[in-house]
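# A structural walkthrough
These are the residues of each chain, in order.
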Amino acid sequence: MFATLRRALLAAVIAGGFPLLAQATDSVPGQFAEQQLRHIATYFPGRMSGSPAELMTADYLRQQFTQLGYQSNTRQFNTGYNWREKQGQMRWHKVTATSVIAARAGSAPQEILIVAHLDTWTPLSSRETDNNLGGLRLQGVDDNASGLGVMLELAQQLSKTPLHYGVRFVALSAGETGLHGMDDYLSRMDAKEKKNTLLVIDLNSLIVGDHLYFNSGINTPSAVRKQTSGRAVQLAHRLRISAVTHTLTARDYPGVNPFDKAGLPLLDVTASNWALGNKDGQQQRARSRHFPDGSVRHQTERDSLNYLDHWLPGRITQRTRDSVKILLPLLTELANPTT
């Protein structure tokens, strides 16, 4: 029955003429990323792990990667989350989540892994549902259509570039339920694959925060930090883009990245403000009338195109362009190092 529903929904997408944009050629860096962000937020709201919208998003992303010439497939895994009943009891809710993997090999066996979570927030209680946190209407523009849009443009641009080190793009589900998508991906990597992973770049929530942050993982060696987070900030300043680097700690939001915990070099890319709130990156901007929490994460009414375009006019355009302007030359350098 669920498979039938999935096919029916996909047929509706195709019949409705929703565009597949992978072949677009744009001269302005970030324009394709913004198109993809808006497309995903508009046509695939409520991308909760295990939901029909998540499956549709995964199929859409796989098609985009395939059109760009990548070997791409989807991967399903069993996971779940704790739901709190009104009486306070906790109940484990099982779901089958779907991630998307796309790869292009280089001349050397090593590769760079670029990840972004594709799912939106799943309400964990009736109280969250009543307060419009997550659910079927959440577009998840900042969290995390922004990461997916930038990922797709990086894939588009790197599809045309000779590579010494390969690139692997992974849109992970269950990012909003305890980072279980990262856990699942790591559990399937053997020792050789881990050894050949030179760097993991995690793209998440790139729009609302005051500054772009290029954060190094707790276990990332100083030499790698210089080549990644340090180089990213250097490129940003050269382009007169506000960017900051920060070395992550165990207390930073949303907890220790599983790739970092596994000892893989990490470059965490996000927009936030570590000088505010608990100084852990959770608060993205100063509290105000229109951003009372200093964040839009999980908020159905605020993490939407209409709201952000109205109260942060031009921000989506600016941040998608700035992100690509920094990350594309950085990735090109890392994938094709000079000797």
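What you are looking at is a predicted structure, and each value in this text was computed from that prediction instead of being measured.

### Considerations on the nonpolar core
Counting residues in hydrophobic clusters, the biggest one holds 65 residues, and the most contacted among them are Leu-61, Phe-65, Phe-169, Leu-203 and Phe-214. Leave out the neighbours within four places in its chain, and Leu-61 touches Ile-40, Val-100, Leu-118, Leu-148, Leu-152 and Ala-171.

### Concerning the pairing of strand 5 (residues 197-203)
Most of strand 5 is tucked away: six of the seven residues are buried. Pairing of strand 3 (residues 108-117) with strand 5, which is carried by five bridges, proceeds in the parallel orientation. Paired with Val-115 across the two strands is Asp-202, which belongs to strand 5. The sheet contact formed by strand 5 and strand 8 (residues 266-272) spans four bridges and is parallel. Following the sheet pairing, Asp-202 is matched in strand 8 by Asp-268.

### A closer look at unusual backbone geometry
Residue Asp-143 is joined to Asn-144 through a cis peptide bond whose omega torsion reads 10°. Examined against the element boundaries, Asn-144 turns out to sit in helix 5 (residues 141-158). You will see that Arg-240, though not glycine, has its phi angle at about 60°, which is positive. Structurally, the position occupied by Arg-240 is in the loop between helix 8 (222-238) and strand 7 (243-247). You can call Arg-240 exposed: its relative accessible area is 82%.

### Focus on the pattern of salt bridges
If you walk through the whole model with that rule in mind, you get 10 salt bridges. Between Asp-59 and Arg-62 there is a salt bridge; the shortest N-O distance is 4.0 Å. Here Asp-59 pairs with Arg-62, and both are found in helix 3 (residues 52-67), just three residues apart, close to one helical turn. A salt bridge links Asp-210 to Arg-285, with the nearest nitrogen and oxygen atoms 3.8 Å apart. With Asp-210 in the loop between strand 5 and strand 6 (211-216) and Arg-285 in the loop between strand 8 and helix 10 (305-311), this pair connects stretches of sequence that are 75 residues apart. Using a relative accessible area of 26% as the deciding quantity, one classes Asp-210 as partly exposed. By sharing partners, the salt bridges in this structure join Glu-34, Arg-38, Asp-309 and Arg-321 into a single network.

### Side note on the packing of aromatic side chains
Describing an aromatic ring pair means giving the distance of the ring centres and the angle of the ring planes. This structure, assessed with the given rule, holds eight aromatic pairs. With 6.0 Å between their ring centres and 25° between their planes, Phe-65 and Phe-169 make a pair best called stacked. Of this pair, Phe-65 sits in helix 3 while Phe-169 sits in strand 4 (residues 165-172), and the two are 104 residues apart along the sequence. An identical accessibility class is assigned to Phe-65 and Phe-169; each is buried.

### Thoughts on the packing of helix 2 (residues 31-43) against helix 11 (residues 315-335)
Contact geometry of helix 2 with helix 11 gives a least axis separation of 8 Å together with a crossing angle of 130°. Judged by the inter-axis angle, helix 2 sits oblique to helix 11. Here helix 2 and helix 11 pass one another in a crossing that is right-handed. Of the residues in helix 11, those touching helix 2 at Gln-31, Ala-33, Glu-34, Leu-37 and Arg-38 are Ile-316, Thr-317, Thr-320, Arg-321 and Val-324.

### A word on helix 11
Taking 1.5 Å of rise per residue, the 21 residues of helix 11 would be expected to cover 30 Å, and the 29 Å separating its terminal C-alpha atoms lies within 8% of that figure. Most of helix 11 is tucked away, with 15 of its 21 residues classed as buried.

### So, the pairing of strand 2 (residues 90-104)
Pairing analysis gives 14 bridges linking strand 1 (residues 71-84) to strand 2, with the strands arranged antiparallel. Paired with Trp-83 across the bridge in strand 2 is Arg-91. Between the antiparallel neighbours strand 1 and strand 2 lie five residues, among them Gly-88 with a positive phi of about 100°. Relative to strand 4, strand 2 runs antiparallel, the two being bridged by five bridges. Its bridge partner lying in strand 4, Ala-102 is registered against Phe-169.

### Considerations on the sheet that holds strand 6
Spatially, the eight strands line up as an open sheet ordered 1-2-4-3-5-8-6-7, and their pairing is mixed. Whereas interior strands pair on both sides, the edge strands pair on one side only; in this sheet they are strand 1 and strand 7. Recorded for the sheet is a direction-independent mean angle of 20° between the axes of neighbouring strands. Two elements, strand 6 and strand 7, share five bridges in a ladder whose sense is parallel. For Leu-212, the partnering residue across the bridge sits in strand 7 and is Ala-243.

Cut-offs and rules
Numbers given for residues are sequential positions, taken from 1 along each chain in its written order. Side-chain atom pairs in this predicted model are given and counted only at pLDDT of 80 or more, local residue features only at pLDDT of at least 70, and totals for whole chains, interfaces and linings cover all residues. Hydrogens and water are ignored here; the side-chain numbers use all heavy atoms of the structure. Take the buried residues of types Ala, Val, Leu, Ile, Met, Phe, Trp, Tyr and Cys, join any two whose side-chain atoms come within 4.5 Å, and each joined set is a nonpolar core. Here's how the labels work: a residue is buried when its accessible area is under 20% of the maximum for its type, exposed when over 50%, partly exposed in between, all with a 1.4 Å probe on protein chains only. Whether two residues touch is decided by their heavy atoms; if any such pair falls within 4.5 Å, the residues are in contact. Only runs of H or I of at least four residues qualify as helices and only runs of E of at least two qualify as strands under DSSP, and these elements are numbered from the N terminus. Paired strands, in this sense, are two strands between which DSSP finds at least two bridges. We count a salt bridge whenever a side-chain nitrogen from Lys or Arg sits within 4 Å of a carboxyl oxygen from Asp or Glu. In this analysis, rings of Phe, Tyr and Trp, with Trp reduced to its six-membered ring, are considered paired at centre separations within 6.5 Å, and the interplanar angle assigns stacked below 30 degrees, edge-to-face beyond 60, and tilted for intermediate values. In this description, a line fitted to the C-alpha atoms serves as the axis of each element, helices being fitted only across the stretch in contact, and the angle between N-to-C directions of two axes falls anywhere from 0 to 180 degrees. In what follows, roughly perpendicular refers to angles from 65 to 115 degrees, roughly parallel to angles under 35, roughly antiparallel to angles over 145, and oblique to any angle outside these ranges. In this scheme the crossing of two helices becomes right-handed for a clockwise turn of the near helix relative to the far one and left-handed for an anticlockwise turn of less than a right angle. Take the number of residues in a helix, subtract one, and multiply by 1.5 Å to get its expected span.

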